[in-house]
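Spelled out, the chains give:
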Amino acid sequence: MNLDAKIPEGPIEQKWSKHKLALPLVNPANKRKHKVIIVGTGLAGASAAATLSELGYQVEVFCFQDSPRRAHSIAAQGGINAAKNYQNDGDSVRRLAYDTVKGGDYRSREANVYRLAEVSANIIDQCVAQGVPFAREYGGHLANRSFGGAQVSRTFYARGQTGQQLLLGAYQALEKQVNAGAVKMHSRHEMLELVVVDGHARGIVTRDLVTGKLEAWAGDTVVLATGGYGNVFYLSTNAKGSNVTATWRAAKKGAGFANPCYTQIHPTCIPQAGDYQSKLTLMSESLRNDGRVWVPKKAGDARKPAQIPEEERDYYLERKYPSFGNLAPRDISSRAAKQVCDEGRGVGPGGRGVYLDFADAIKRVGKQVISERYGNLFDMYATITGDDPYTVPMRIYPAVHYTMGGLWVDYNLMSNLPGLHVIGEANFSDHGANRLGASALMQGLADGYFVLPYTISAYLATAKQPKLTSDHPEFKKAVDDARARMTKLLNVKGKRTVDSFHRELGVLLWNKCGMGRTEKGLKELLIEIPRLREEFWRNVNVPGSAESLNQALEKAGRVADFFEFAEVLVLDALDRDESCGGHFREEHEDQGEAKRDDEKFQHVSVWEWKGEGQAPVRHKEPLVFESFKPSIRSYK
Amino acid sequence: MSDKKMKLKLHVYRQASKDAAGAMKEYVVEDVSEHMSFLEMMDHLNEQLMNKGEEPIAFDHDCREGICGMCSMVINGIPHGGHRGVTACQLHMRHFKDGDEIFVEPWRARAFPVLRDLVVDRQAFDRIVAAGGYVSINTGGAPDANALPISKKEADLSMDAAACIGCGACVAACKNASAMLFVAAKASHLNHLPQGEPERYERVKKMAAQMDAEGFGTCSNYSSCEAVCPKEISVRVIAEFNRDLLKAQAK
Amino acid sequence: MAEASELRREAASEPLFGSLATFAMSSVGSKVVMAVTGIGLWLFITAHLAGNLTAFLGREIFNGYAAALHHNQPLLWGMRLALLIGFPLHILTAARTVALNRAARPVEYAWANKSPARAAAKTMMLSGAVVLAFLLYHLAHFTWRVTGPMPAAPLPSGDWDAYSMLVMGFQRPLIAGFYVLGQVLLAAHLSHGLYSMFQHLGLWGRRWTPWLQSAALVVGYGLCIAFASIPLAVLLGIIKP
């Protein structure tokens, strides 16, 4: 597997600008001869589709939702980071890059991160010009807040709906291009296969989710912007439809899957209420700016929160991390919550919850101000739980939220499979082992608006692949493969529903490959997952036909892929015999903190699929830090 | 936290495909927890159906946290069930009681054809946005974000309208199946910002023309749309849209 | 590619709402027609009321007003012409939008649409139809004089004794009752129409719009009470033969 990251030479500050100059361009007259296939319409996909079609390429876009506007980027609440330094508090491109590399526990590629920080300011300019209604001060200038463990105020936001507003900006840009006839949009189409011809990614196979029709689409390059795989855990903050199928199908065609074990567990979610639960709801991290996290000091204390006196409460984040307190980064806060719950001090049903208390903040600034800051979040909490957070502390617990792992890409955002570009959460590149708050929106838009449009041109200018259509035998074969898989699922006619399998897989992973991982637990998973997968293929019940709108069949295909992928995730977690960021191996800790092993594991683990029944092979891309020297990540 | 279990009788609209005829069907669903969301109750019913060898009820849903705008059910005659500012995915079963009868139907409008059961086609909304619901700026070359101050008041008015999630409840609720709240909210979002100003009158003309071409009804100011909007968008935006469209005739 | 998209946009922008007529046929435009004709009709009704109220001042003044109006042909025909255009436009546009709106929802809900809506708004068609029926009756009564009790012959001046017609008619409870009913439905119609026309014409103010609905209610029912006071006064013997 060729894992040349193609990082440009030179000082980190000049790498991107020099690289842009060196990239070959496509003649404007030739651009319209190239067809780009984009899968996914979140921030990364929609922004890339709009931008590439503005440049003149033919663009075909696919999403499984009923409209491109519904991609899960829409659910991001908190904000988007940018090194604008509007607050004059010492922010800079270098500081944002440093925070991100450190936040990722020195497991990301520093050149990519630096570029991300560099283009972050352009993103804000672009979005404002599109009409994204960011929050403003009375003077009419943009408002900022500090977010997710940053020491500077660099987060731009639009009420609690930043993701929605940014996505609408990109979606509207996309629709503008649809109207101009420059983009063909296919919603309710799910990608089922990647088509590779002569070693180059040349197209995809989709299923029309309304009619069931399988179709092949040929192009000059394929861009996957299909998001993360958090739903492998069944319960997560992801949308129900979020899945690994597109990236996993690509992995099975030869694309390397990087760092699958890096999963982010978000500390502030509403705890699970029952077995029927279908998803977990995130409460924006911004709540930690004013809320104080605590549990009773005594294990098994069943009193109501108001009856527990101050001296019998343990404000454990403030105690353990005095300089960051309640704002400690996500992985650290999550683990701390798990620890206190493991000690039997958790609150609420099942003892899996901690309090997030606003009583002090309300006393300090008044209910009015708190309501202005978090009104919609408080309402959402009350709607879901039936409790009033103004009078009773919220109960929160960590939940799977984001996946830092993804398909391996080089500096040009191209995977090891030529012609396959991967952007946004679907790739692995920028967040290392842990993502900081308000960085996902930044990365999605950076990739789509400002990075891929340059690098994809270079590929198209130099690849020189012959023109082909979807009549090519490889396309026909891919359609047949997709059909055969569906037929197989429909023909099992077993006794258990898809969801019941998915739920069971999720519980297995969450318990043994969630916030804490041990060699023993992971090895058990490597027996349990294949066993469950085998039962799935023997006993799953998928009613209906392949020629109609069949949501059970859609789910079955996705869960089948999760089953294969889960095993690679666990293998990676077992292989990475250290703790870093969101990957916490209980064998490697120092007073409860993650203990990295830079000597052995300062690399990206890239997994190569070797076929059914064969063990996947792990390759390495070593990580070199020239500008940001790895240090122990301490927030004490 | 108590957990009351309920037994409910559901009447759900079933239609096998786009061209098939549909009808209401009756189902009894047991062991419904009061902590379930409405969609989790539907999941629960679907599990029961599949275990009996029947096909599950198709319904649109995705984020299940009230922001993607995908869920679309008329519950007892009201889109999203009639709790202010709440989508069906955030409607919780504690608002129902044991023995309740519940009617569940798809959005009904000529412009939103039923694809299957409770799933409808809302691409008409995409086409209306494509007709003019954007600022015509290409990527690159944008001036510094703070170069143009925008008063907080205007930014807030813009944001109020931009909160629209495009679910289509406004259309479903309106006696005339009018899309004015959706269309006007998108226009208001952009028209309150200086970036949207140059295309303001062209925008409303094009969006209105597309809205008519899609076959939505006219606005009779029932205000049902405002009452069911999960983002509580005010009919103010409709007045603004009408004014801009009138002015546009003179331009 | 860029040039092509520009051409497309230019071509698309022309025929959209090219002329006023196409605008008037559009969904927003037809509501503007309703609002503008509605304002005209409302102004007419208000003027009509002012004239009617002279009945309280006695036979001489009322008949004098009726005769003056009758003899001022330009004013009379100007008004009739405005009504002859305004009414049909109002009614035909309403009928067209009703047809359009029915077509916009070909399949109704199995369980009644329970979405909250303004009651007066939902019954605009009904109140409008009853008002139209009332209007025809009213014309038959006073303008065409083909129904209701009539004085045996015109006054010596050649004018009809409008005062006597009014009193003789309203002394019959059935006729008076129908007039009162017509006014109540007109009030319901106006209480939504007067609010609605502001929306349709894009007139919205953060401070005054919230009051507008109450104001429309007061104006609508105020007109109703003033109109209905005449038949009631006749029935109660306040306006004497």
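Residues numbered from 1 in each chain as written. Chains lettered and ligands numbered in written order. Predicted model: local features only at pLDDT ≥ 70, side-chain atom pairs only at ≥ 80, totals over all residues. Heavy atoms only, no water.

Draft legend 1. How the structure looks around the overall build of chain C. Along the backbone of chain C there are 10 helices and zero strands. Taking all 241 residues of chain C together, the buried fraction comes to 40%. Across chain C, contacts joining residues at least 24 apart in sequence account for 72% of those joining residues at least 6 apart. For chain C, the exposed surface amounts to about 12,900 Å²; the carbon and sulfur share of it is 74%. When the 16 positive and 8 negative side-chain charges of chain C are each reduced to one mean point, those points stand 15 Å apart. (Helix = DSSP H or I, 4+ residues; strand = E, 2+ residues; numbered from the N terminus. Buried < 20%, exposed > 50% of the residue type's maximum accessible area, 1.4 Å probe, protein only. Contact = heavy atoms within 4.5 Å. Areas by Shrake-Rupley, 256 points an atom, 1.4 Å probe, with all protein chains shown as cover. Lys, Arg positive; Asp, Glu negative; His and termini not counted. Charge placed at Lys NZ, Arg CZ, Asp CG, Glu CD.)

Draft legend 2. Structural context of the environment of Gln130(A). Take Gln130(A): it is sitting in helix α5 (residues 110-130). Residue Gln130(A) is classed as buried on the basis of its relative accessible area of 5%. Distance in space between the C-alpha atoms of Gln130(A) and Leu166(A) is 9.3 Å, their sequence separation being 36 residues. Setting aside residues up to four positions removed in sequence, Gln130(A) forms contacts with Gly169(A), Ala170(A), Ala173(A), Tyr449(A), Val135(B), Ile137(B) and Leu190(B).

Draft legend 3. Focus on the interface of chain B and chain A. Listed by partner, the interface residues are 76 residues for chain B and 77 residues for chain A. Contact between chain B and chain A buries roughly 6,300 Å² in total, counting both sides, with carbon and sulfur atoms accounting for 52%. By the criterion of area lost to chain A, the three top residues of chain B are Glu65(B), Thr139(B) and Met159(B), representing 11% of everything that side buries. At the boundary of chain B with chain A, the tally comes to six salt bridges. Where Asp60(B) meets Arg188(A), a salt bridge forms, and the shortest distance between an N and an O atom there is 2.7 Å. Joining chain B to chain A, the criterion identifies 43 residue pairs in polar contact (both at pLDDT 80 or more). Secondary-structure elements contributing two or more residues to the side of chain B that touches chain A are α1 (38-51), β6 (114-116), β7 (119-120), α2 (123-132), α3 (152-162) and α5 (180-191) of chain B. If you tally residues by element for the side of chain B that touches chain A, the top one is α3(B), at seven residues. Taken together, the residues of the side of chain B that touches chain A sort by class into 38 nonpolar, 19 polar and 19 charged. (Buried area = accessible area lost by both parts, 1.4 Å probe. Salt bridge = Lys/Arg side-chain N within 4 Å of Asp/Glu carboxyl O. Polar contact = N/O pair within 3.5 Å; in protein donor to acceptor, adjacent residues only side chain to side chain. Nonpolar A, V, L, I, M, F, W, Y, C, P; charged D, E, K, R; others polar.)

Draft legend 4. Geometry of the sheet that holds strand β6 (residues 189-197) of chain A. All names here are of chain A. Here three strands make up an open sheet; going across it, the order is β6-β7-β8 and the pairing antiparallel. The sheet terminates laterally at β6 and β8 (214-218), the two strands that pair on one side only. Ignoring strand direction, the axes of neighbouring strands in this sheet form an average angle of 25°. Pairing of β6 with strand β7 (residues 200-208) involves eight bridges; the strand directions are antiparallel. Considered in β7, the bridge of Leu-194 is made with Ile-204. The sheet contacts of helix α13 (residues 473-492) involve β6, β7 and β8, and relative to β6 the element is tilted by about 135°. (Pairing = 2+ DSSP bridges. Axes fitted to C-alpha atoms, helices over the stretch in contact; angles between N-to-C directions.)

Draft legend 5. Seen up close, the nonpolar core. If you look at the biggest cluster of nonpolar residues, it comprises 294 residues, and the most contacted ones within it are Leu420(A) and Phe38(B). Grouped together as the second largest cluster of nonpolar side chains are 16 residues, Ala55(C), Ala162(C), Tyr163(C) and Tyr179(C) included. (Core = buried A, V, L, I, M, F, W, Y, C linked by side-chain atoms within 4.5 Å.)

Draft legend 6. Representation of the pairing of strand β1 (residues 5-15) of chain B within the structure. Residue and element names in this part refer to chain B. Among the 11 residues in β1, eight count as buried, and that is most of the element. Two strands pair when backbone bridges link them, and β1 and strand β2 (residues 22-33) are joined in this way by 10 bridges, in the antiparallel orientation. By the bridge assignment, Leu-10 is partnered in β2 with Tyr-27. Where β1 folds back on β2, the antiparallel hairpin that results is connected by six residues. One ladder, built from four bridges, connects β1 with strand β5 (residues 101-105); its direction is parallel. Looking across to β5, one finds that Val-12 is bridged to Val-104.

Draft legend 7. Expanded view of the packing of α5(A) against helix α12 (residues 440-463) of chain A. Residue and element names in this part refer to chain A. Across the interface, α5 lies against α12 with an axial gap of 9 Å and an inter-helix angle of 85°. The orientation of α5 relative to α12 falls into the category roughly perpendicular. Residue-level contacts link Arg-115, Leu-116, Val-119, Ser-120, Asn-122, Ile-123, Gln-126, Cys-127 and Gln-130 of α5 to Met-442, Gln-443, Leu-445, Ala-446, Tyr-449, Phe-450 and Val-451 of α12. Across the contact of α5 with α12, the residue classes tally to 10 nonpolar, five polar and one charged. (Parallel < 35°, antiparallel > 145°, perpendicular 65-115°, else oblique.)

Draft legend 8. A nonpolar patch on the surface, seen in detail. Residue and element names in this part refer to chain C. The grouping of Leu-53, Phe-56, Leu-232, Leu-235, Leu-236 and Ile-238 at the surface amounts to a nonpolar patch, some 560 Å² of accessible area in total. You can see Ile-238 is positioned in the segment after α10 (209-235). Judged by relative accessible area, Ile-238 falls into the exposed class, the value being 56%. (Patch = residues over 30% accessible without salt bridge, like charges linked within 9 Å, V, L, I, M, F, W, Y side chains within 5 Å.)

Nothing here speaks to function; it is all geometry.
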